[in-house]
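Coordinate inspection notes
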Amino acid sequence: FFFLHTDMPSMERLLELRAAAFADDVEVHAVMLSWDEERLSTYFESGGKASAPPPPQRSLRVLSLHGGGGNRNVNAMQVSRLRRALGPPDVVHFDFLEGDHAWKSENIDPRLVQLFGPGPYWGWYGVENASGHGQNDRDAYVKAMMDPAVAFEYIGYEAALDRLERHISEHGPYDALVGFSQ
């Protein structure tokens, strides 16, 4: 998921402003999502010929959370295309927070180990199910996940949410949050 602050224009609003200025031939770039409406209108009304105003004083800040069995290196690879699309670090800065629930080595995807080494790999909380199928048998576990009759228990998710809130409070503000799986 990806959320932006509400005081920044959406892509839809940006395109509306371009259309209102009859500037459909002016290119739109992701960095423009960090501009306010006055700045956008001025730029589009000039036909994109006037030099763009200087970039914002503060880059957009994105907090990125890896999925279960990942880490900051895996997460950085997962969002690499998004990072390139949004612009350089002076325009968009990504922070990567790791979970603190150690992922069992037998549950780590061997392809991750090939690409990123032995880890450590993390989750945000533990997951247990009443099916009798452990996470060691990936196919059986996925089958259990798809069975609505199998009850799952999420252990430690409250602590994970508290930790996330604390991190945002201490290191924020963030303009967007990107998360995978867990």
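Check the entry above for the structure.
Keep in mind the model is a prediction, meaning the values are calculated, not measured.

The rules we used
Residues numbered from 1 in each chain as written. Predicted model: local features only at pLDDT ≥ 70, side-chain atom pairs only at ≥ 80, totals over all residues. Heavy atoms only, no water. Helix = DSSP H or I, 4+ residues; strand = E, 2+ residues; numbered from the N terminus. Buried < 20%, exposed > 50% of the residue type's maximum accessible area, 1.4 Å probe, protein only. Contact = heavy atoms within 4.5 Å. Axes fitted to C-alpha atoms, helices over the stretch in contact; angles between N-to-C directions. Parallel < 35°, antiparallel > 145°, perpendicular 65-115°, else oblique. Left-handed = near helix turned anticlockwise from the far one by under 90°. Nonpolar A, V, L, I, M, F, W, Y, C, P; charged D, E, K, R; others polar. Arc of directions from axis to C-beta. Core = buried A, V, L, I, M, F, W, Y, C linked by side-chain atoms within 4.5 Å.

Glancing now at the overall build of the protein. Helix and strand counts for the protein come out as seven helices and seven strands. Secondary structure elements in the protein, listed N-terminal to C-terminal, are α-α-β-α-α-β-β-α-β-β-α-β-α-β. For the protein, the proportion of its 182 residues judged to be buried stands at 35%. Taking the intrachain contacts of the protein between residues at least 6 apart in sequence as the baseline, contacts between residues at least 24 apart amount to 66%.

Once that is clear, we can look at the packing of helix α1 (residues 11–20) against helix α2 (residues 37–45). Contact geometry for α1 and α2: axes closest at 9 Å, N-to-C directions at 40 degrees. Judged by the inter-axis angle, α1 sits oblique to α2. Seen along the crossing, α1 lies across α2 with a hand that is right-handed. For the pair α1 and α2, contact is made by Arg13, Leu14, Leu17 and Arg18 and by Glu37, Leu40, Ser41 and Phe44, respectively. Grouping the constituent residues of the contact of α1 with α2 by class yields four nonpolar, one polar and three charged.

Moving on, we get to helix α6 (residues 138–146). Taken together, the buried positions of α6 are occupied by Ala140, Tyr141 and Ala144. Buried residues along α6 cover an arc of 100 degrees about the axis, so they all sit on one side. Exposed residues lying more than 90 degrees from the buried face of α6 are Asp139, Lys143 and Met146. Among the structural elements, β5 (126–129) and β6 (152–155) are those in contact with the buried residues of α6.

Residues Met8, Leu60, Val62, Val79, Leu86, Val91, Val92, Phe94, Phe96, Ala176 and Val178 constitute the largest nonpolar core, which totals eleven residues. Elements represented by at least two residues in this core include exactly β1 (60–65), β2 (92–97) and β7 (176–179). Looking at which element gives the most residues to this core, the answer is β2, with three residues. Other than its neighbours up to four places away in sequence, Val91 contacts Val31, Ser59, Leu60 and Leu86.

With that settled, consider the environment of Val92. As for its position among the elements, Val92 is in strand β2. In this structure, the C-alpha to C-alpha distance between Val92 and Arg58, residues 34 residues apart in sequence, is 8.9 Å. Setting aside its immediate chain neighbours within four residues, Val92 contacts Ser59, Leu60, Val62, Leu86 and Gly87.

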